[in-house]
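So you can see what is in the structure, the chains are spelled out below.
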Amino acid sequence: MHIHILGICGTFMGGLAALAREAGHKVTGCDAGVYPPMSDQLRALGIDLIEGFGADQLALQPDMFVVGNVVSRAHLADGAPKFPLMEAILDAGLPYTSGPQWLAEHVLQGRHVLAVAGTHGKTTTTSMLAWILESAGQQPGFLIGGVPLNFGVSARLGAAQRPAPAATPLGAAPLFVIEADEYDTAFFDKRSKFVHYRPRTAVLNNLEFDHADIFDDLAAIERQFHHLVRTVPPSGRVVVNGLEESLARVLHTGCWSEVTSFGAAVSDFHAVGDPQAFDVVHQGRTVARVEWSLTGVHNQLNALAAMAAAHHVGVAPAQAAAALSSFQNVKRRMELRGTVGGVAVYDDFAHHPTALRTTLDGLRRTLGAGARILAVFEPRSNTMKLGAMKSQLPWALEPADLAFCHTAGLDWDAAQALAPLGVGPGQRAQTAPDIDTLVAQVTQAARPGDHVVCMSNGGFGGIHAKLLQALQK
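Quick look at the structure, then. Every value quoted in this text rests on a predicted model; they were computed, and no experiment measured them. (Residues numbered from 1 in each chain as written. Predicted model: local features only at pLDDT ≥ 70, side-chain atom pairs only at ≥ 80, totals over all residues. Heavy atoms only, no water.)

## Here we look at the sheet that holds strand β20 (residues 373-377)
The strand order across the open sheet built from 6 strands is β18-β19-β23-β20-β21-β22, with neighbouring strands paired in mixed fashion. Unpaired on one side and paired on the other, β18 (335-340) and β22 (429-432) mark the two borders of the sheet. Each strand of the sheet is rotated relative to its neighbour by a mean of 20°, with strand direction disregarded. Where β20 and strand β23 (residues 451-455) come together, 5 bridges link them in parallel fashion. Bridging from a neighbouring strand, L374 pairs with V452 of β23. Sheet contacts for helix α14 (residues 435-445): β20, β21 (402-406), β22 and β23; angle to β21, the most-contacted strand, approximately 170°. (Pairing = 2+ DSSP bridges. Helix = DSSP H or I, 4+ residues; strand = E, 2+ residues; numbered from the N terminus. Axes fitted to C-alpha atoms, helices over the stretch in contact; angles between N-to-C directions. Contact = heavy atoms within 4.5 Å.)

Okay, here's the thing in structure tokens:
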């Protein structure tokens, strides 16, 4: 079929486009600000990209319009629709669907889906799980909201038949690993994306409040996670973080599948040792050892989650641990972008206060107390822009020696929120209304041996390259 994707440059929709092409469909798409790396990746696959959401795209006459959750019925100040194409589709009565729905019907059907859900670590854990299954010869398909360095792509269909079938229900079904997001599906479907995926193996990695733009409170998110649990079959498995009260509440509401826990000392899987080199204990027996390049307790927990999920489809913990020793993480996860004059500049996707804290904690643990960490961040997610978590920022940035905040587009006072750290020139925290000011502040403060971590879930105005350039001068 020919599908036309509205909002094709997001990681999810871009991955979906790649899967559709690989499955033999004709794919076209549009977006506002068609930008690399996704635009390069899509054009390389022979996908025609159109800038903007003009109604004239109806002339493409696709069999189906696949609508990303960036699209809405919003109108601009002058009264014109923000997405004229969507209005035209509705007026003409043409067929449209959401990305998750299309994926469920055309890709996931007939596969054993392993879905990784959670507030934090979804992309990393999904990547680990895909790499473990790949190393075990299972040739899984996957759709990941980032680019795992081991694969170099964010999506692929995988083997049509499972290379090593298991003696379980659907044991010959090919494996598909998917990052399962709790964000809503589309403007016409307000359920979380992950309820469409019907996993046989569901990982509940962690759960705390996020997405203040669509969820009123933690209970509302817990309800969506329970909708996911309701879709797991009796022979399926729910892999759950045993350290999270919120997830205990979700399962207490009802669970009809096997449960495997990880993380706590009493869990089925737990770790003994430092996050960079640890033993894996399964039901009281030491079964594997992980020695790898990743840092932080959060990644140790991510590893346990991936191993427990892989165990459900027949991969032994020792085999999984061996795969993790060659795991290279994901682009934009503490990715070293360059070192100039002894100053290292990293790019990281962290945007929720807990993620800022765990990223900085992991680096601090690796570097020790002596090295200086400069945290550079922008509150860019909808939740952070609303200021719902601004009070947590001083705690989140505590492991850093200096903090620099980009304040463009905020309706709240960042300097006031960061006041406990001390704000202003020569103080522990500084704010900047634009990228150039921010670059100047960081460059002035940096000295040889420093580690500068730029944290954002967007492009951050190309700050990494600008910092490296400024440091060079």
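The structure having been displayed, the exposition proceeds.
## What about the nonpolar core?
Ranked by internal contacts, the top residues of the largest apolar core, which has 46 residues, are L103 and L204. When residues in this core are grouped by element, the largest group, 6 residues, is from helix α1 (residues 11-22). With residues near it in sequence (within four places) discarded, L204 still touches A117, F225, L228, V229, V238, V239, V240, N241, L247, L251 and F262. Core analysis: the next-biggest nonpolar cluster, separate from the first, contains 39 residues, A130, I144, A288 and A308 among them. (Core = buried A, V, L, I, M, F, W, Y, C linked by side-chain atoms within 4.5 Å. Buried < 20%, exposed > 50% of the residue type's maximum accessible area, 1.4 Å probe, protein only.)

## Here we look at the environment of Q300
Residue position: Q300 is located in helix α8 (residues 297-312). As for Q300 and A417, which are separated by 117 residues in sequence, their C-alpha atoms are 31 Å apart. Once residues lying within four places of it in the same chain are set aside, the contact partners of Q300 are A271, G273, D274, P275, F278 and W292. Among the polar contacts listed, one links the side chain of Q300 to the backbone oxygen of G273, at a separation of 3.1 Å. (Polar contact = N/O pair within 3.5 Å; in protein donor to acceptor, adjacent residues only side chain to side chain.)

## A few points about helix α9 (residues 317-324)
Residues lying three or four places apart along an α-helix face the same way, a consequence of the helix completing one turn every 3.6 residues. Buried within α9 we find P317, A320, A321, A323 and L324. End-on view of α9: buried residues confined to an arc of 160°, all on one side of the axis. (Arc of directions from axis to C-beta.)

## Remarks on the pattern of salt bridges
Following the criterion strictly, the structure yields 16 salt bridges and no others. E222 serves as the salt-bridge partner of R249, at 2.6 Å between the closest nitrogen and oxygen. Of this pair, R249 sits in helix α7 (residues 245-252) while E222 sits in helix α6 (residues 218-230), placing them 27 residues apart in sequence. R249 gets classed as partly exposed once you look at its relative accessible area, which sits at 39%. The buried category is assigned to E222, whose relative accessible area is 12%. With its nearest N and O atoms 2.8 Å apart, the salt bridge here joins E291 to R289. Taking the relative accessible area as the measure of exposure, E291 reaches 46% and is therefore partly exposed. Linked through salt bridges whose partners overlap, the residues forming this network are D279, R289 and E291. (Salt bridge = Lys/Arg side-chain N within 4 Å of Asp/Glu carboxyl O.)

## Looking at helix α15 (residues 463-472)
Burial in α15 covers these residues: I463, H464, L467, L468 and L471. Taken end-on, α15 shows its buried residues confined to a sector of 135°, consistent with a single buried face. Across α15 from its buried face, at more than 90 degrees, point the exposed residues Q469 and Q472. Summarising the contacts, the buried residues of α15 are in contact with β18, β19 (343-348), β20, α14 and β23.

## Section: unusual backbone geometry
Although it is not a glycine, Q61 adopts a positive phi angle of roughly 50°. Among the secondary structure elements, Q61 is positioned in the loop between β3 (48-51) and β4 (64-67). Positive phi, close to 45°, is recorded for Q139, a residue that is not glycine. Within the fold, Q139 resides in the loop between α5 (122-135) and β7 (141-143).

## With respect to the packing of aromatic side chains
For the structure on display, the rule yields 7 aromatic pairs. Ring geometry for W131 against F151: centres 5.7 Å apart, planes inclined by 80°, an arrangement best described as edge-to-face. In this pair, W131 sits in helix α5 while F151 sits in the loop between β7 and β8 (155-156), placing the two residues 20 residues apart along the sequence. Ring centres of F278 and W292 lie 6.3 Å apart, and the angle between their planes is 70°; this geometry places the pair in the edge-to-face category. Highlighted residues: F278 in strand β16 (residues 277-282) and W292 in the loop between β17 (285-291) and α8, separated in sequence by 14 residues. Its guanidinium or amino end placed over the ring of F12, K193 lies 5.4 Å from that ring's centre, counting from NZ or CZ. (Phe/Tyr/Trp six-rings, centres within 6.5 Å; stacked < 30°, edge-to-face > 60°. Lys NZ or Arg CZ within 6 Å of the ring centre and 35° of its normal.)

## Considering the sheet that holds β3
Within the open sheet, the 5 strands sit side by side as β3-β2-β1-β4-β5. Their pairing is parallel. Every interior strand has two partners, whereas the edge strands, β3 and β5 (96-98), have only one. Across the sheet, the mean angle separating the axes of adjacent strands is 25° when strand polarity is ignored. Set on the sheet, helix α3 (residues 84-92) makes contact with β1 (2-6), β2 (26-31), β4 and β5; between it and β1 the angle comes to about 135°. Against the sheet, helix α4 (residues 99-108) engages β1, β4 and β5, with an angle of about 90° to β5.

## Notes on the environment of A265
By secondary structure assignment, the location of A265 is in the loop between β14 (258-262) and β15 (269-274). Put simply, A265 and P100 are 165 residues apart on the chain and 36 Å apart in space, counted from C-alpha to C-alpha.

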